[in-house]
Amino acid sequence: MVDPNMTSDELAHLLTMSGLEVEEIAPVAPPFTNVVVAKVLTLAKHPNADRLNVCEVDAGTGTLLNIVCGAPNVRAGMKVVCAMAGAVLPPGDDGKPFEIKVGQLRGVESQGMLCSARELKLSDDHGGLIDLPDDAPVGQNFRDYFELNDLKFTIKLTPNKADCLSVLGVAREVSALTGTPLKAPTFEAAKVTIADTLPVRVSAPDLCGRFSGRIIRNLNAKASTPEWMKQRLERSGQRPISALVDISNYVMLELGRPSHVFDLHKIHGGLDVRWGKKGESIKLLNGNTVEVDEWVGVIADEREIESLAGIMGGDSTAVSLDTTDIYLEAAFWWPQAIQGRSRRFNFSTDAGHRFERGVDFATTVEHIERITALILEICGHKGKTEVGPIDDHIVNLPQRPPVTVRTARAVKVIGVPLTDAQIADIFTRLGLPFVQQAGQFSVTPPSYRFDIEIEEDLIEEIARVYGFENIPAVAPMAPNEMRIAKEDTRSLFSIRQQLADLEYQEVLNFSFVEEAWEADFSGNSAPIKLLNPIASQMSVMRSSLIGSLVANVRYNLNRKLGRVRVFEIGAVYQRDAAAVDGPLTVAGYHQPKRVAVLAYGPAVDEQWGQATRNVDYFDIKADLEALFAPASLRFVKTEHPALHPGRSAQIMLDGKAVGFIGELHPRWQQKYDLPLAPVLFELDAVALQARKVPAYNEISKFPAVTRDLALVVKQAVAAQDLIDTFIVEQKTNAACKIMQAIVLFDEYRGKGLENDEKSLAFRFTLQDTQSTLHDDVVNAAMAAFIAAAKNKHGGNIR
């Protein structure tokens, strides 16, 4: 269709730089040498093997070769592919090239090998030798005869380039890019010899915009597909099946037109193109039986569904080798009526891939003529095959409003000083009809282009044909503005660094999680569900990071790693009616950043310096306090769906809850097969990022005094309540302002105390910035602390 004067590498580069990425250039056959066309002259049974034959072969060398062969289809007079002695064939299963040598096979000398397609790695067919046509020239190099030195381009198309899903489409692109004339295929209308038509009704114009078809009678469906067509199909990744099916597939690859061939005798009455009905089902050509509903388009006759519209035909009307009369169909299906249907049934077809992106709606009749011509050439009975008229139903075709592009806008976007003449030339080469005014073009998209809707689409076409590599690289120009980071906010990077310093490894998990995780770890019975999940076990958005971290622990345990310390910083997703749309927000959903940490197994790596012990709540609490230092945290007993009811707490900062900490609930430990209970916390990233700006405080030059105080209180009294009482006393009592720090260092229960009592021992650090403390001042402060503890909590000195 187009023959540019350039090398394959140059063509590949040109296509790639125009948006048709050439992913691979590969030879159509692996390398092999000394393989020629030969003829089997005589055939005799091997004297020592029932399944082998001894063949006398003419390979064009002037000397007849004696070759032992076990292929079932070998016969005298057959043209075959012969690997001569010294030939090197493609590697076998061991990866080593296979060299042909003269040798003895069961006592008979064999001077070469007759080859199947599988042995030459041309296909997986190993049913017998390659049977060449009778006119194949004996002695010719088989690579030259079979055109095996050709190259195959694998082109990775973007979804908008559906017009290039055919040889014709790529040829159009090459013609536009190189200026080489396009020899577009032309089709002569077949001579109509009968008036037969099939009744067709298009009941769903939003499904099918155009439906064309014709009847052809008295065909020979047993005719063999020509070798040239088989070769092209195989090199394009299609497996030859039968002549009628191969012709349909060939025209799809050639012109981009999927079509379908029905066995006319299997159609009951006429055809109705409509939406499916709930409860209907169809057995497809791939053997699957699927149920349809009102969302799936179908072609049905008076009794049953015969085809999934635009996707795959049904088994009940499939053509076979016994077919004599056919109904040939080509249609335009609306892309939005095909999109997503194949995925619903868990398979993909070439037809569906094209129709959901858009197929030329103006050429159904011409393409039926092309298919008809091939059918008559390959499967026709001379003088007997009858062709009916094309019955063309046009019900609802896409409108093609002109799209305007301004030269000045194209210049601004592309960054190249293009002229009206250059743009007009590009549109002409692309085959885009246009009306030109000064500095402006009004372009009418062709029927095969579904990707031209707005001005930017045309600007992209201009840039592609102009050549992306021809656009100069210019550094962007913009005013620079120095933005000073807030002094009272630290970055997430610094938090990551600090957690890494505490021996935690960062993990990155999907935001899509199992629905069960939301119920188990968040008590969330109504999670945010995905409309189109990438996997069934990733169907909802996470509202907590815990489930993913627990999964990370299981993954590591399954690989014999017993000490796991991981953290993740990521977004969680919660419903929030107050949320509105913004640059980084979505109405109805709150997406805060969270920091989650989990530790499992030994507190430290095994070593001689300290005994092995498992990590506990207080280890993780210490890491959490280190993250917030110098800010002080409070921990309030709480219950959380994910955590042990007696070993969990709410994290409070300045009176506000910022997260939770605790040990995994025994129920989930058992459910998720964890031998030990992980300890974890999760909190708001914003709270962790906030930090107070350092302020100067005078450092005392005088020595500090420490006093220990052991108080007996009821077991219900929390240590934190006593510490809060001491802090309040420090702030309200002038005598107590000398207290600098207070630490709980011991808890005792047992002998000498009542069953409902416990002893808590605190260490007070007292210091004054103005003078050395005397005993009377220290004693007064301690007396005040003791009195406060007694008055509020009934505490007595032990």
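Caption draft 1: A look at the overall build of the protein. If you tally the helices and strands in the protein, you get 20 helices and 40 strands. The C-alpha radius of gyration computed for the protein amounts to 40 Å, which surpasses the reference 28 Å derived for 798 residues by more than 25%, pointing to a less compact arrangement than a globule. Projected onto the principal axes, the alpha-carbon positions of the protein cover approximately 130 × 85 × 60 Å. Taken over 798 residues, the protein has a buried fraction of 45%. For the protein, long-range pairs separated by at least 24 residues make up 69% of all intrachain contacts whose partners lie at least 6 apart in sequence. Total accessible area computed for the protein in this model is approximately 41900 Å², and 51% of it derives from carbon and sulfur atoms. Averaging the coordinates of the 84 positive side-chain charges in the protein and doing the same for the 102 negative ones gives two points 4 Å apart.

Caption draft 2: Structural detail: the packing of helix H1 (residues 8-17) against helix H3 (residues 167-178). Interhelical geometry of H1 versus H3 gives an angle of 95° and a closest axis separation of 11 Å. With respect to each other, H1 and H3 are oriented roughly perpendicular. Packed against H1, whose contacting residues are Leu11, Leu14 and Leu15, the element H3 presents Val174, Leu177 and Thr178 at the interface. By residue class, the composition of the contact of H1 with H3 is five nonpolar, one polar and no charged.

Caption draft 3: Spotlight on the confidence of the model for the protein. Of the residues in the protein, 100% reach a pLDDT of 70 or more, and the chain-wide mean stands at 92. Looking across the protein, the model is least confident in strand S7 (residues 103-105), with a mean pLDDT of 84, and most confident in strand S32 (residues 593-600), with 97.

Caption draft 4: Looking closely at a negative patch on the surface. On the surface, Asp124, Asp125, Glu227 and Glu234 cluster together to form a negatively charged patch. Position of Asp125 among the secondary structure elements: in the loop between strand S9 (112-114) and helix H2 (142-145). Owing to a relative accessible area of 49%, Asp125 belongs among the partly exposed residues under this scheme.

Caption draft 5: Region of interest: unusual backbone geometry. For the bond from Ala629 to Pro630, the omega torsion is 10°, close enough to zero to count as cis. Tracing the backbone shows Pro630 in the loop between helix H16 (617-628) and strand S33 (634-637). Of note, the phi angle at Asn34 is positive, near 60°, even though the residue is not glycine. Counting through the fold element by element, Asn34 comes out in strand S2 (residues 33-45). Located in the positive-phi region is Glu147, a residue other than glycine, with phi close to 55°. Topologically, Glu147 is positioned in the loop between H2 and strand S10 (151-156).

Caption draft 6: Expanded view of the sheet that holds strand S35 (residues 656-664). Taken in spatial order, the seven strands of this open sheet run S26-S29-S32-S36-S35-S34-S33, and their pairing is mixed. Here the strands that pair on one side only, and so sit at the sheet edges, are strand S26 (505-506) and S33. Sheet topology places S32 next to strand S36 (residues 679-684); six bridges connect them, and they run antiparallel. Looking at S36, one finds that Val595 is bridged to Leu683. Across the face of the sheet, helix H13 (residues 492-501) comes into contact with S26, strand S29 (564-571) and S32 while running at roughly 170° to S29. H16 rests against S29, S32, S33, strand S34 (643-653), S35 and S36 of the sheet, and its axis sits at about 25° to S36.

Caption draft 7: Structural detail: the nonpolar core. Counting 38 residues, the largest nonpolar core has Phe211, Leu271, Val273, Leu308, Tyr327 and Trp333 as its most contacted members. Every element with two or more residues in this core is listed here: strand S11 (200-202), strand S12 (208-217), strand S14 (271-275), strand S17 (297-300), strand S18 (305-308), strand S20 (326-333), helix H6 (335-338) and helix H8 (350-355). Top contributing element to this core by residue count: S20, with four residues.

Caption draft 8: Here's a closer look at H3. Taking 1.5 Å as the rise per residue, H3 with 12 residues should run 16 Å; its terminal C-alpha atoms sit 16 Å apart, in good agreement. Within H3, 10 of the 12 residues are buried, which leaves it mostly tucked inside the rest of the structure. By the burial criterion, the buried members of H3 are Leu168, Gly169, Val170, Ala171, Arg172, Glu173, Val174, Ser175, Ala176 and Leu177. Summarising the contacts, the buried residues of H3 are in contact with H1, S10, helix H5 (243-255), helix H11 (420-430) and helix H12 (455-466).

Caption draft 9: Broad picture of the side chain of His260. Considering the arrangement of structural elements, one finds His260 in strand S13 (residues 260-263). Residues in contact with His260, not counting those within four places in the same chain, are Ser248, Leu285, Gly313, Tyr327, Leu328 and Glu329.

Caption draft 10: Molecular detail of the sheet that holds S17. The sheet built from five strands is open, its strands ordered S11-S14-S17-S18-S19 with mixed pairing. Strands with a single pairing partner mark the edges of an open sheet, and in this sheet they are S11 and strand S19 (312-313).

Caption draft 11: Up close: the pattern of salt bridges. One pass over the full model with this rule turns up 39 salt bridges. Among the ionic pairs, Asp293 bridges to Arg344, the shortest N-O distance being 2.5 Å. With Asp293 in the loop between strand S16 (289-291) and S17 and Arg344 in helix H7 (residues 341-344), this pair connects stretches of sequence that are 51 residues apart. In this structure, Lys529 and Glu515 form a salt bridge, with 3.6 Å as the shortest nitrogen-oxygen distance. With a gap of 14 residues between them, Lys529 in the loop between helix H14 (515-522) and strand S28 (540-541) and Glu515 in helix H14 connect regions that are remote in the sequence. Overall, Lys529 belongs to the exposed group, its relative accessible area being 55%. Residue Glu515 is classed as partly exposed on the basis of its relative accessible area of 35%.

Calculation notes
Residues numbered from 1 in each chain as written. Predicted model: local features only at pLDDT ≥ 70, side-chain atom pairs only at ≥ 80, totals over all residues. Heavy atoms only, no water. Helix = DSSP H or I, 4+ residues; strand = E, 2+ residues; numbered from the N terminus. Rg over C-alpha atoms; globule rule 2.2 N^0.38 Å. Buried < 20%, exposed > 50% of the residue type's maximum accessible area, 1.4 Å probe, protein only. Contact = heavy atoms within 4.5 Å. Areas by Shrake-Rupley, 256 points an atom, 1.4 Å probe, with all protein chains shown as cover. Lys, Arg positive; Asp, Glu negative; His and termini not counted. Charge placed at Lys NZ, Arg CZ, Asp CG, Glu CD. Axes fitted to C-alpha atoms, helices over the stretch in contact; angles between N-to-C directions. Parallel < 35°, antiparallel > 145°, perpendicular 65-115°, else oblique. Nonpolar A, V, L, I, M, F, W, Y, C, P; charged D, E, K, R; others polar. pLDDT = per-residue confidence, 0-100. Patch = residues over 30% accessible without salt bridge, like charges linked within 9 Å, V, L, I, M, F, W, Y side chains within 5 Å. Salt bridge = Lys/Arg side-chain N within 4 Å of Asp/Glu carboxyl O. Pairing = 2+ DSSP bridges. Core = buried A, V, L, I, M, F, W, Y, C linked by side-chain atoms within 4.5 Å. Expected span 1.5 Å × (residues − 1).

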